[in-house]
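Residue-level structural notes
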Amino acid sequence: MGNDEIRTVAAEPYPFELCPRHCALLIIDMQRDFLEPGGFGETLGNDVGQLRRTIEPNRRLLGAWREAGLLAIHTREGHRPDLADLPEAKRVRGHGAKRIGDPGPMGRILVRGEAGHDIIPELYPKAGEPVVDKPGKGAFFATDLHAILQNRGVTQLVVTGVTTEVCVNTTVREANDRGYDCLVLEDCVGSYFPEFHEMGLRMVKAQGGIFGWVGKSADVIGAVRKI
Ligand code: TIU
């Protein structure tokens, strides 16, 4: 079997026909700022421990994906050191003790080049894997992601990362309007709020898959291992 062959992956609301040659793994914002204490997620008042269960399934999936020689893309939410791309509305939102650009234990919060902005060591990108820096919640807004995907002939996305109802959901909606089929993996996405996680997934797969499909990493790993 080769990369051109379609693999049927169990999913809701119906099976996902994965074509490895035209499919990319898109890992959203698995950054220290969201998953470790002292970063942006915690300054917003969240318990970052809620997200840590996503790390191991993502690590296993990324390992299998790399072994199969498929395209993996990482995103990071964050801003220029001069904050010129940070809307004032985003900077002041939430009245947190610390704001984007303020110093924290992992450097300036949500600023590119700082330790907290980088991807967690467990999922660190390998050379050749595109890393897309995004100023917003959606990975297509003000980035070259669409061009990268088009240049590689990608039409399908397996989407993982954090958080389910914020950056994952926004990105899936953006991708849907640009013509991509998205399979969101429930064990590889997470939220600070379990009820939003559940509803975020239901919003994707309702109405016959209005924004895409929801599946599990084990089924995708099983499919790509056959390549
Ligand atoms: N706050 C929250 O749930 N998420 C974000 O601010 N960004 C992402 O989801 N990456």
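Keep in mind that this is a model prediction, so the values were computed, not measured. (Residues numbered from 1 in each chain as written. Predicted model: local features only at pLDDT ≥ 70, side-chain atom pairs only at ≥ 80, totals over all residues. Heavy atoms only, no water.)

**As for the site of the ligand**
Put simply, the rule is: Proximity criterion: a residue is near a molecule or strand once any of its heavy atoms comes within 4 Å of it. Whenever two N or O atoms come within 3.5 Å, that pair is a polar contact, provided that in protein one can donate a hydrogen and the other can accept it, and provided that, for residues adjacent in sequence, both atoms are side-chain atoms. With residues, only the protein chains shown are counted as cover, and all accessible areas are computed by Shrake-Rupley using a 1.4 Å probe. For this classification, Asp, Glu, Lys and Arg are treated as charged, while Ala, Val, Leu, Ile, Met, Phe, Trp, Tyr, Cys and Pro are nonpolar and the rest, including Gly, are polar.
Surrounding the ligand, one finds Asp29, Phe34, Phe40, Leu44, Glu77, Lys137, Val162, Thr163, Val166, Cys167 and Tyr192. Here a nitrogen atom of the ligand sits 2.9 Å away from a polar atom, N or O, in the side chain of Glu77. A distance of 2.9 Å separates an oxygen atom of the ligand from a polar atom in the side chain of Thr163. Protein chains shield 92% of the accessible area of the ligand, which is 290 Å² for the free molecule. Classifying every residue of the shell around the ligand by side-chain character gives seven nonpolar, one polar and three charged.

**A closer look at helix α6 (residues 164–177)**
We count it as follows: Helix and strand assignments follow DSSP, with helices taken as H or I runs no shorter than four residues and strands as E runs no shorter than two, numbered in order from the N terminus. Helix span, expected: 1.5 Å multiplied by one less than the number of residues in the helix. Exposure classes here rest on a 1.4 Å probe applied to the protein chains alone. A residue is buried below 20% of its type maximum, exposed above 50%, and partly exposed in between. Any two residues whose heavy atoms approach within 4.5 Å are treated as being in contact.
For α6, which comprises 14 residues, the first-to-last C-alpha distance of 18 Å matches the rise-based estimate of 20 Å (1.5 Å per residue) to within 8%. Taken together, the buried positions of α6 are occupied by Thr164, Cys167, Val168, Asn169, Thr171, Val172, Glu174 and Ala175. The inward-facing, buried residues of α6 contact β4 (23–28), β5 (71–77), β8 (131–134), β9 (156–162), β10 (181–190) and α7 (194–209). Two residues or fewer past α6, Gly179 is found with a positive phi of approximately 95 degrees.

**Concerning the packing of α6 against α7**
Our working rule: Note on geometry: axes are lines fitted to C-alpha atoms, helical ones only across the stretch in contact, with angles between N-to-C directions running from 0 to 180 degrees. An angle below 35 degrees is read as roughly parallel, one above 145 as roughly antiparallel, one from 65 to 115 as roughly perpendicular, and any other as oblique.
Orientation of α6 relative to α7, taken along the N-to-C sense of each, is 10 degrees, at an axis distance of 9 Å. With respect to their mutual orientation, α6 and α7 come out roughly parallel. Facing α6, whose interface residues are Thr164, Glu165, Asn169, Val172 and Arg173, α7 presents Phe196, His197, Gly200, Leu201, Met203 and Val204. When grouped by side-chain class, the residues that make up the contact of α6 with α7 number five nonpolar, four polar and two charged.

So, to be careful, I would describe these as geometric facts and stop short of saying anything about function.
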